[in-house]
Amino acid sequence: MSLSSQPHTFRLSPADYGHLVEQATVAPEQYWARESTRLTWSTNPSQAHCTKDGWFPGGVLNASVNCLDRHLEKRGDQHALVWQAEETDRVVTFTYRTLHERVCRMANVLRQQGVQTGDRVAIHLPSVPEGLIAMLACARIGAIHVVLFGGFSPEAIADRLADSGAVLVITANMGRRGPKRIPFKTTLDAALDLRLEALAVRHVLVVSVTQDDVDLTTGRDMWLTPLLNEAPADCAAQDMPASAPLFLLYTSGSTGKPKGIVHGTGGYLVWASYTHELVFDHQEGDIFWCTADIGWITGHTYGVYGPLLNGGTILLFEGMPSYPGPGRWWSVIQDHKVTTFYTSPTAIRALMREGDEVVQRHDLSSLRVLGTVGEPISQEAWSWFNDHVGGGRCAFVDTWWQTESGGIMISPVPGAVREKPASATLPLPGVHPVLLDERGAPKEGATEGVLCLRGSWPGRALTIWNDAALFERTYLQPYPGYYFTGDGARRDEDGYYWITGRVDDVINVSGHRIGSAEIEDALATELAIAESAAIGVPHDLKGQGIVVYVVPRDNAPEDLHVRAAKAITSKVGRYAAPERIHVVPDLPKTRSGKSVRRLLRKIACGETEGFGDLSTLADPEIVATLIALIQVPK
Ligand code: PRX
């Protein structure tokens, strides 16, 4: 699509954008000093670059004040949050004033429960307003929030509670996913029972999302609503240094153990506000809908912080795309006049299957900007979303970033950067991608390589919780002098970036990162399994699906498939359930005993030739054995 076919007026022109890129490159200190003034600081930072104390040293601020208090005078009666419940006729709205009051009450409840500044508070909730309110309440008192995705298994929750040392958990009696009920409290109870001694959790506060009753452990568990009603409606905000952790968010990497990525306050908030305004062309009156769960980074930066920092209106939807019937998401856009719609390629692929008529039955003319994130989008899905949902009138931002980057890094800017379907296009002003060869040397011009970033940016994670050395080893040491993203990319003759996917052993299922090692560690707990390998294969709906190879021990039981699947869903979660499990006599391994995933991937895709030189394998015959053994569904 060319820029001229978009009828909307966007904030930036190509010339404005060029100017920003130049300023950010030529005088970065001045550039970021100016950008830092988008926040309200109790004490202004003394510097505007990355120091050993992180970004914006000397700066003191509070995140909830920046999201709420400072808007009260001008926007007190404007909607800050519109919550569309599962039921079509149930909408709950919060103005900036009422949201401020709720957050203050919640912050006071946390204080009453003994939560101190710097303590970790876990939030384990479905898509209800209390999730966002709890995050901002933590921020208000300087507690560090740790949001746990609702799809995690009890073991995955227990691991994260233990690692973070959370002292309090906020959960729900039940979550709703269409006709299904998700037992949040029971799952949390199971997690707490698993690791009772290792956990610091003293209190559990329960949000009543449904009418269901649940067991409350005396002295530990309490319903939240009565506490909120009794708590004072105002709460002084805690001043925090710019480098104080605002939250931890667990994500997967090449090691089995998920990492608690630590984001700071000043730098992260500048990045959330800067990128939200730039990439989504934020304008007065916008209704911003990000479909990501708050359990993921997208839900943090664009489901909560970005839009509120910029005085916008957030739409939060409890339900699913196609419940109670096809087209529910389109009805939500129509009913709430959503202007900015940010979702995932996985969701788009599923919605495409419902057909074009479903979309056409709705008035989607309020839309101005469409965005996607989390995985590569195909040209077909890009065009469908652009033409049928956006009516060819909207800007389309395919945004590349990751948990560790805090916010968007490579993306079109509406009105300023010409789109190419399925390309994340150009880095935002102040972001400096490089493509390296295997030896770590930069490659120039149109080329392909490992995607790294030069220099720092305000949104960059501070460290990994409890493991600063792992942060260095994972991101800074693989390619000295650069930040290693874990992704590969191609750059075309216009300098546009095309993300090709992970170059490490991370599998991207429906935009969720899952480490091969995480799955293999889970399988190692099943005694009947001698060894295993997990790999990702292309999947029509999910982008990638997981295929698992397991090698049984002698006398393995017949139900090994079932046991293997159970080990994965109970240790990791339902979202990591494999597509296929192959029980095999052995794995292709190098002489030093390392599984060769490249071969396992080809075999799982049904390829029968082009395996290259197999003579370096400990047992070259195994490849033919596996090809003969494995049935690949067409
Ligand atoms: O592989 C890239 C892919 O998702 C990874 C980051 O995952 P996570 O930390 O869970 O954050 C997801 C939401 C920001 C990246 O390393 N990814 C993300 N966005 C894109 C993408 N791959 C291709 N195109 C994108 N737009």
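Please read these numbers as outputs of a predicted model, since none were measured by experiment.

Draft legend 1. Representation of the overall build of the protein in the model. Counting its secondary structure elements, the protein contains 20 helices and 31 strands. The C-alpha radius of gyration of the protein comes to 24 Å, within 12% of the 26 Å expected for a compact globule of 634 residues. By its C-alpha atoms, the protein is 75 × 65 × 55 Å across when sized along the principal axes. When burial is assessed residue by residue, the protein has 60% of its 634 residues classed as buried. Within the structure as shown, the protein displays about 24,500 Å² of accessible surface, and the carbon and sulfur contribution to it stands at 50%. Each charge class in the protein can be summarised by its mean position, and for the 58 positive and 72 negative side chains these summaries are 1 Å apart.

Draft legend 2. Highlighting the site of the ligand. Near the ligand, the surroundings consist of 17 residues, among which Thr399, Thr403, Asp487, Arg502 and Arg513 are the closest. Contact between the ligand and Asp398: a nitrogen atom at 2.8 Å from a side-chain N or O atom of the residue. Between an oxygen atom of the ligand and a side-chain N or O atom of Asp487, the distance comes to 2.5 Å. Considered on its own, the ligand offers 540 Å² of accessible surface; in the complex 96% of this is hidden by protein. Within the residue set of the shell around the ligand, elements represented by two or more residues are α11 (297-309), β20 (395-399) and β26 (497-502).

Draft legend 3. Region of the structure containing the sheet that holds strand β5 (residues 91-95). With mixed pairing, seven strands are arranged side by side in an open sheet as β5-β4-β17-β16-β18-β19-β20. Strands at the two margins of the open sheet, each flanked by one partner only, are β5 and β20. Averaged over all pairs of adjacent strands, the angle between strand axes in this sheet comes to 15°, irrespective of strand direction.

Draft legend 4. Examining the UniProt feature "domain: AMP-binding enzyme C-terminal" (unreviewed entry) in the protein more closely. As annotated by UniProt and renumbered to match this structure, "domain: AMP-binding enzyme C-terminal" (unreviewed entry) occupies residues 518-594. End-to-end, the C-alpha atoms of residues 518-594 are 16 Å apart, and along that stretch the chain is 25% helix and 32% strand.

Draft legend 5. Looking closely at empty space enclosed by the protein. Under the defined criterion, the tally for this structure stands at five cavities of 30 Å³ or more. One number sums up the size of the largest cavity: a volume of about 110 Å³. Along its surface, the largest cavity is lined by 14 residues, and Ala292, Ile294, Gly303, Val304 and Leu316 are the ones closest to its centre. Listed by contribution, the elements that provide at least two residues to the lining of the largest cavity are α6 (129-141), α11 and β17 (313-317).

Draft legend 6. Examining helix α12 (residues 328-336) more closely. Those residues of α12 not exposed but buried are Arg328, Trp329, Trp330, Val332, Ile333 and His336. Immediately downstream of α12, the backbone of Lys337 shows phi near 50°, a positive value.

Draft legend 7. A look at the packing of helix α5 (residues 96-112) against α6. Remark: α5 packs on α6, axes separated minimally by 8 Å, with the N-to-C direction vectors making an angle of 65°. Two packed elements cross with a definite hand, and for α5 against α6 that hand is right-handed. Along its contact with α5, which presents Leu99, His100, Arg102, Val103, Cys104, Met106, Ala107, Leu110 and Arg111, the element α6 presents Glu130, Leu132, Ile133, Ala134, Leu136, Ala137, Cys138, Arg140 and Ile141. Grouping the constituent residues of the contact of α5 with α6 by class yields 13 nonpolar, one polar and four charged.

Draft legend 8. Summary view of the pattern of salt bridges. In this structure the tally under the stated criterion is 36 salt bridges. Taking the shortest distance from any N to any O, the salt bridge between Asp559 and Arg563 comes out at 3.1 Å. For Arg563, a relative accessible area of 34% corresponds to the partly exposed category. If you follow the salt bridges from partner to partner, you end up with Arg11, Arg34, Glu35, Arg38 and Glu277 in one network.

Draft legend 9. Expanded view of the pairing of strand β19 (residues 369-373). By the criterion of burial, β19 is predominantly enclosed, with five of the five residues buried. Residues Val369, Gly371 and Val373 point to one face of β19 and Leu370 and Thr372 to the other, with burial holding for every one of them. Sheet topology note: the strand β18 (residues 340-343)/β19 ladder contains four bridges and is parallel. Residue pairing for β19: Thr340 is matched across the bridge by Val369.

Draft legend 10. Just the pairing of strand β30 (residues 543-552), in detail. Among the 10 residues in β30, seven count as buried, and that is most of the element. When strand β29 (residues 529-539) meets β30, the two strands line up antiparallel, connected through 10 bridges. Directly across from Ile535, in β30, lies its bridge partner Val547. Connecting the antiparallel pair β29 and β30 is a turn made up of three residues. Alignment of β30 against strand β31 (residues 580-583), held across four bridges, turns out to be parallel. Paired with Val548 across the two strands is Ile581, which belongs to β31. Each parallel crossover has a hand, and the one from β30 via helix α18 (residues 560-571) to β31 is right-handed.

Rules behind the numbers
- Residues numbered from 1 in each chain as written.
- Predicted model: local features only at pLDDT ≥ 70, side-chain atom pairs only at ≥ 80, totals over all residues.
- Heavy atoms only, no water.
- Helix = DSSP H or I, 4+ residues; strand = E, 2+ residues; numbered from the N terminus.
- Rg over C-alpha atoms; globule rule 2.2 N^0.38 Å.
- Buried < 20%, exposed > 50% of the residue type's maximum accessible area, 1.4 Å probe, protein only.
- Areas by Shrake-Rupley, 256 points an atom, 1.4 Å probe, with all protein chains shown as cover.
- Lys, Arg positive; Asp, Glu negative; His and termini not counted.
- Charge placed at Lys NZ, Arg CZ, Asp CG, Glu CD.
- Near = heavy atom within 4 Å.
- Polar contact = N/O pair within 3.5 Å; in protein donor to acceptor, adjacent residues only side chain to side chain.
- Pairing = 2+ DSSP bridges.
- Axes fitted to C-alpha atoms, helices over the stretch in contact; angles between N-to-C directions.
- UniProt positions renumbered as here; feature names shortened; annotations may be inferred.
- 1 Å grid on protein atoms, 1.4 Å probe; cavity = no way out; pocket = protein on both sides within 12 Å on 5 of 7 lines; lining within 4 Å.
- Points joined across faces, edges and corners; volume = space filled by probe spheres on them.
- Left-handed = near helix turned anticlockwise from the far one by under 90°.
- Contact = heavy atoms within 4.5 Å.
- Nonpolar A, V, L, I, M, F, W, Y, C, P; charged D, E, K, R; others polar.
- Salt bridge = Lys/Arg side-chain N within 4 Å of Asp/Glu carboxyl O.
- Right-handed = clockwise from strand over helix to strand, strands pointing away.

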